[in-house]
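Structural overview for review
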Amino acid sequence: MDANAVRPPAATVDSPYHPGEDAFWAAVDRMRSSQPPDCQLVADAIATVVHDPHSPFRTPVGADASTVAELLHQTPFEELSATLHDVLGWADPPVPARS
């Protein structure tokens with residue numbers, strides 16, 4: 001994660017997002033890098049997508065994005081959801097897969 005992760009206004013106490021918000025942002029803070037992302041990687045990816053009609057609609061840029069994209073393709077939803085809950089420190093059970 002990098003400095004591009006912007007914190008929105010805090011959720012209100014009655015929001016369904018309130019219970020996990022602190023844990024989520026604590027996890028984001030732990031993943032932040034001291035190095036800013038390489039802007040050239042993004043510029044190159046944009047140029048490639050614009051000029052290559054065979055480029056995929058979604059193009060991960062950078063090591064973290066590529067890792068997450070690979071996990072999404074290789075890991076069953078339930079397992080990935082449980083892992084994310086563990087990493088984020090969320091105590092509630094993971095959300096079941098959509099049907």
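Throughout this document, residue positions are counted from 1 along each chain, in the order its sequence is written. Local features in this predicted model are restricted to residues whose pLDDT is 70 or higher, and side-chain atom pairs enter the listing and the counts only when it is 80 or higher, whereas totals over whole chains, interfaces and linings include all residues. The basis for every side-chain value is the complete set of non-hydrogen atoms in the structure, without hydrogens or water.

**Some points on the overall build of the chain**
Going by this rule: In DSSP terms, a helix is any run of H or I states spanning at least four residues, a strand is any run of E spanning at least two, and both are numbered starting from the N terminus. Buried means the residue's accessible area, taken with a 1.4 Å probe over protein chains only, is under 20% of the maximum for its type, while exposed means over 50%, and partly exposed covers the values in between. Any pair of residues with heavy atoms lying within 4.5 Å of one another is described as a contacting pair. With residues, only the protein chains shown are counted as cover, and all accessible areas are computed by Shrake-Rupley using a 1.4 Å probe.
Within the chain, the secondary structure is distributed over 4 helices and 0 strands. Taken over 99 residues, the chain has a buried fraction of 17%. Relative to all contacts within the chain whose residues are 6 or more apart in sequence, the contacts with residues 24 or more apart total 35%. Surface exposure of the chain reaches about 8100 Å², of which carbon and sulfur atoms provide 62%.

**Quick look at the environment of D14**
Filter applied, for reference: Nitrogen and oxygen atoms within 3.5 Å of one another constitute a polar contact, given that in protein one can donate a hydrogen and the other can accept it, and given that sequence-neighbouring residues count only through two side-chain atoms.
Its place among the elements puts D14 in the segment before α1 (18-31). Side-chain polar atoms of D14 contact the side chain of T12, separated by 2.5 Å.

**Considering helix α4 (residues 77-88)**
Applied cut-off: Take the number of residues in a helix, subtract one, and multiply by 1.5 Å to get its expected span.
Here α4 is 12 residues long and its end C-alpha atoms lie 16 Å apart, about the 16 Å a rise of 1.5 Å per residue gives. Those residues of α4 that are buried lie in contact with α1 and α3 (63-74). Immediately beyond the C-terminal end of α4, within one or two residues, lies G89, with a positive phi of roughly 75°.

**Focus on the environment of E70**
Inspection of the secondary structure puts E70 in helix α3. Along the backbone, E70 and P60 are 10 residues apart, and their C-alpha atoms lie at a distance of 9.7 Å.

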